[in-house]
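If you want the building blocks of each chain, they are given just below.
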Amino acid sequence: MIGVSTYLETAARWGVWELEAALLPVGYPRLVQRAGGLAAMLPPDAPKRAAEAVARLDGLVVAGGPDVEPVRYGAERDPRTGPPAPERDAWELALIDAALAGGVPLLGICRGMQLLNVALGGTLVQHLDGHAEVVGVFGGHPVKPVPGTLYAGIVPEETSVPTYHHQAVDRLGEGLVPSAYAADGTVEAVELPAPGWVLGVQWHPEMGDDLRVMRALVEAAAAG
């Protein structure tokens, strides 16, 4: 059972309805399912309930989404930083803390990787160019694994990945090591060394056909 965090939107439209909604692009649960896991959506809730939720999971995915509020890492807001999502920030930081404390395998995707870094005391670059070239359209670029890392053990070769982001890791959080880079030097994956299974990727595997990262999470969850 792999839990996936969700968006919380003030208005979403389907059929005749336009209502507040907890939602998730279907690529996330489909990727979990294709990799052999059962997907469960985790809408924002009271942070104090995160440990109880994580205790019922075998693995956790913190999904992509809006920019992390800069106050979370002690920075002033850059004009190019997007609107805050305080409910998501609070809930997902609590989920990450619970997963780390409980040894639950954890995968952070895009925002999820950035939030993992912030949870461990790291900071973010609030804007960089070249990783989201067309608004609302996923691009692609190669990432190169760092030999000897968890990620390199999963994907040993340089590979092109689906990407859409304008923020990135700046100062690494405590204990995190970089495990993949883009050609321009941007950190594209981070991880915590064994014995746990904790990985963050800056790209969007749910938008591609490579199952290896998610399959590795599902296998780690099953082994636990």
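Refer to the structure printed above.
Read on for an overview of the structure. (Residues numbered from 1 in each chain as written. Predicted model: local features only at pLDDT ≥ 70, side-chain atom pairs only at ≥ 80, totals over all residues. Heavy atoms only, no water.)

1. Concerning the layout of surface pockets
Taken as a whole, the largest pocket spans an internal volume of roughly 280 Å³. As for the largest pocket, its lining consists of 19 residues, of which Gly65, Asp67, Tyr164, His165 and His166 are closest to the centre. By volume, the second largest pocket amounts to about 200 Å³. Lining the second largest pocket, in full, are Tyr7, Leu8, Glu9, Thr10, Glu20, Pro66, Ala85, Glu87 and Arg88. When residues of the lining of the second largest pocket are traced back to their parent elements, those giving at least two are strand 2 (7–14) and helix 3 (86–102). Per element, the largest residue contribution to the lining of the second largest pocket is four residues, and it comes from strand 2. Considering only residue class, the lining of the second largest pocket consists of four nonpolar, one polar and four charged. (1 Å grid on protein atoms, 1.4 Å probe; cavity = no way out; pocket = protein on both sides within 12 Å on 5 of 7 lines; lining within 4 Å. Points joined across faces, edges and corners; volume = space filled by probe spheres on them. Helix = DSSP H or I, 4+ residues; strand = E, 2+ residues; numbered from the N terminus. Nonpolar A, V, L, I, M, F, W, Y, C, P; charged D, E, K, R; others polar.)

2. Quick word on the packing of aromatic side chains
In this structure the tally under the stated criterion is two aromatic pairs. Between the aromatic rings of Phe138 and Tyr164, the centroid separation amounts to 5.8 Å while the plane-to-plane angle is 55°, which identifies the pairing as tilted. Here Phe138 is found in the loop between strand 7 (124–125) and strand 8 (139–145), whereas its partner Tyr164 is found in the loop between strand 9 (159–163) and strand 10 (168–169), with 26 residues between them in sequence. Where Tyr151 meets Trp203, the ring centres are 5.5 Å apart and the plane angle is 65°; that geometry is what we call edge-to-face. On the criterion of sequence distance, the pair formed by Tyr151 in helix 5 (residues 150–154) and Trp203 in the loop between strand 13 (198–201) and helix 6 (212–223) is long-range, its members being 52 residues apart. Residue Tyr151 shares its accessibility class with Trp203, and that shared class is buried. (Phe/Tyr/Trp six-rings, centres within 6.5 Å; stacked < 30°, edge-to-face > 60°. Buried < 20%, exposed > 50% of the residue type's maximum accessible area, 1.4 Å probe, protein only.)

3. Brief notes about the packing of helix 3 against helix 4 (residues 111–119)
In contact at an axis separation of 10 Å, helix 3 and helix 4 are set at 70° when each is read in the N-to-C sense. In this view, helix 3 runs roughly perpendicular relative to helix 4, as classed from their interaxial angle. The two elements helix 3 and helix 4 cross, and the hand of that crossing is right-handed. Counted together, Arg88, Asp89, Glu92, Leu93, Ile96 and Asp97 of helix 3 and Arg111, Leu115, Leu116 and Ala119 of helix 4 form the full contact between these two elements. For the contact of helix 3 with helix 4, the per-class residue count stands at five nonpolar, no polar and five charged. (Axes fitted to C-alpha atoms, helices over the stretch in contact; angles between N-to-C directions. Parallel < 35°, antiparallel > 145°, perpendicular 65-115°, else oblique. Left-handed = near helix turned anticlockwise from the far one by under 90°. Contact = heavy atoms within 4.5 Å.)

4. Some remarks on the pairing of strand 11 (residues 177–182)
Alignment of strand 8 against strand 11, held across three bridges, turns out to be antiparallel. Bridging from a neighbouring strand, Pro145 pairs with Ala180 of strand 11. Alignment of strand 11 against strand 12 (residues 187–192), held across four bridges, turns out to be antiparallel. Counted as the bridge partner of Ala180 is Ala189 from strand 12. (Pairing = 2+ DSSP bridges.)

5. So, the sheet that holds strand 8
Remark on secondary structure: sheet strands pair via backbone hydrogen bonds, oriented parallel or antiparallel. Here nine strands make up an open sheet; going across it, the order is 4-1-5-6-13-12-11-8-9 and the pairing mixed. Each end of this open sheet is capped by a strand with a single partner; those strands are strand 4 (39–42) and strand 9. Going from strand to strand, the sheet's axes swing by 25° on average, the running direction of each strand aside. The pairing of strand 5 (residues 59–62) with strand 6 (residues 106–109) spans three bridges and is classified as parallel. What sits directly across from Leu60, in strand 6, is Leu106. Relative to strand 6, helix 4 is tilted by about 115°, and along the sheet it contacts strand 5, strand 6, strand 12 and strand 13.

6. Overview of the pattern of salt bridges
Counting across every chain of the model gives nine salt bridges. Two residues, Arg212 and Glu157, come together in a salt bridge whose shortest N-O distance is 2.8 Å. Of the two residues, Arg212 is situated in helix 6 and Glu157 in the loop between helix 5 and strand 9; the sequence distance between them amounts to 55 residues. For Arg212, a relative accessible area of 27% puts it in the partly exposed group. The salt bridge partner of Arg212 is Asp210, with a shortest N-O separation of 2.8 Å. Judged by its relative accessible area of 30%, Asp210 falls in the partly exposed class. One connected set of salt bridges, linked through shared partners, spans Arg88, Asp89, Glu92 and Arg111. (Salt bridge = Lys/Arg side-chain N within 4 Å of Asp/Glu carboxyl O.)

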